[in-house]
Amino acid sequence: GWRSRAAFKLIEIDDKLKLLKPGQRIVDLGAAPGGWLQVAAKRIGLERGLGKIVGIDLLAVDPIAGVEFIQGDFTADDAPDRLKALLGGEADVVLSDMAANAMGHKQTDHMKIIYLAELAIHFAREVLAPGGHFLCKVLQGGTEGQLLADLKRDFATVKHIKPQASRADSSELYVLAMGFRGRPADPQE
Ligand code: SAM
């Protein structure tokens, strides 16, 4: 079975928008307890030796065959480089379901999740291969202002998704940016 209710959200998003494909290289930010890792592993064919998955979380994750995992803080200075070293190349998909423990103070919670999303976007722009995808948890209202402008500049399509598996009363929402245009310095650009 799936380790988290969150697994059903990724299944639903992927069934509809087809971001996961056999052989892809994936980074999963905020991966514990590992539901998304399980779904991604299945859909990229990791058990058949296809693709690669690297995850990070503050919390431990019970091992999943073939998945490389770092227990640590993604906001730590050395976290992006540690992930890149494990990945050993570009990523096709960057997933982030990161959420800080809710403090119950709406504005603070909102600022924290936007900060995590900004760091995730920055990381995605550094590691994604051209054509790659970025899926990230954000809050109601979605990505706004600079965050949205950055995504629209760097990806062919950007949309917000509220999966059915996400409780109606929760203010969480996902942003899916598909078709990374590549870094300006990339020779193929
Ligand atoms: N997608 C996961 C699954 O399917 O099992 C569920 C992820 S859960 C909603 C959010 C996770 O983000 C938590 O496990 C939390 O520890 C992690 N998280 C929050 N802040 C983080 C940070 N700074 N670095 C790493 N992980 C973080």
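Residues numbered from 1 in each chain as written. Predicted model: local features only at pLDDT ≥ 70, side-chain atom pairs only at ≥ 80, totals over all residues.

A. Representation of the overall build of the protein chain. A count of helical and extended segments in the protein chain gives 5 helices and 7 strands. Reading the protein chain from its N end, one meets helices and strands in the order α-β-α-β-β-α-β-α-β-α-β-β. What you see for the protein chain is a C-alpha radius of gyration of 15 Å, in line with the 16 Å of a compact globule of 189 residues. The burial tally for the protein chain puts 39% of its 189 residues in the buried class. (Helix = DSSP H or I, 4+ residues; strand = E, 2+ residues; numbered from the N terminus. Rg over C-alpha atoms; globule rule 2.2 N^0.38 Å. Buried ≥ 20, exposed ≤ 12 C-beta atoms within 10 Å, placed from the backbone.)

B. Main features of the site of the ligand. Looking at the ligand, there are 22 residues lining it, with Ser4, Ala6, Gly30, Gly35 and Asp97 nearest. Broken down by secondary-structure element, the contributors of at least two residues to the shell around the ligand are helix H1 (6–17), helix H2 (35–44) and strand S2 (52–57). (Near = placed C-beta within 6 Å.)

C. Up close: the sheet that holds strand S1 (residues 25–29). Here 7 strands make up an open sheet; going across it, the order is S3-S2-S1-S4-S5-S7-S6 and the pairing mixed. The open sheet has two edge strands with one neighbour each: strand S3 (68–71) and strand S6 (155–161). Strand after strand, the sheet turns through a mean of 10° between neighbouring axes, direction not considered. Across 4 bridges, S1 lies against strand S4 (residues 91–96) in parallel orientation. (Pairing = 2+ DSSP bridges. Axes fitted to C-alpha atoms, helices over the stretch in contact; angles between N-to-C directions.)

D. Fine view of the UniProt feature "binding site: S-adenosyl-L-methionine" (unreviewed entry) in the protein chain. Summarizing the sequence annotation, UniProt attributes the feature "binding site: S-adenosyl-L-methionine" (unreviewed entry) to Gly34, Trp36, Asp57, Asp73 and Asp97 in the numbering used throughout. You can see Trp36 is positioned in helix H2. Among residues more than four places away in sequence, those in contact with Trp36 are Ala6, Ala7, Leu10, Asp28, Ala31, Leu95 and Asp97. Position of Asp57 relative to the elements: it lies in strand S2. Discounting residues that sit within four places of it in the chain, Asp57 has contacts with Gly30, Ala31, Ala32 and Gln71. (UniProt positions renumbered as here; feature names shortened; annotations may be inferred. Contact = placed C-beta atoms within 7 Å.)

E. Highlighting the UniProt feature "active site" (unreviewed entry) in the protein chain. With numbering aligned to this structure, UniProt lists the feature "active site" (unreviewed entry) at Lys137. Looking at the element boundaries, Lys137 is found in strand S5 (residues 128–139). Look past the residues within four positions of Lys137 in its chain and what remains in contact with it is Ser96, Asp97, Met98, Ala99, Glu172 and Tyr174.

F. Spatial organisation of helix H4 (residues 106–127). End to end, H4 covers 32 Å across 22 residues, agreeing with the expected 32 Å (1.5 Å per residue, within 8%). Burial in H4 covers these residues: Ile113, Leu116, Ala117, Ala120, Ile121, Phe123, Ala124 and Val127. Relative to the axis of H4, the buried residues are bounded by an arc of 165° and lie together on one face. Looking at H4, the residues exposed on the side facing more than 90 degrees away from the buried face are Gln107, Thr108 and His122. (Expected span 1.5 Å × (residues − 1). Arc of directions from axis to C-beta.)

G. Structural detail: the confidence of the model for the protein chain. Chain-level pLDDT for the protein chain is 92 on average; 95% of the residues reach the 70-or-more range. Of the two predicted TM-score estimates for the complex, the pTM is 0.95 and the ipTM is 0.99. (pLDDT = per-residue confidence, 0-100.)

H. Local environment of unusual backbone geometry. The residue after Ala32, namely Pro33, is reached through a cis peptide bond having omega 0°. Turning to its location among the elements, Pro33 is positioned in the loop between S1 and H2. Non-glycine residue Lys18 carries a positive phi angle of around 50°. Residue placement: Lys18 occurs in the loop between H1 and S1. Accessibility expressed as a C-beta count within 10 Å gives 11 for Lys18, which makes it exposed.

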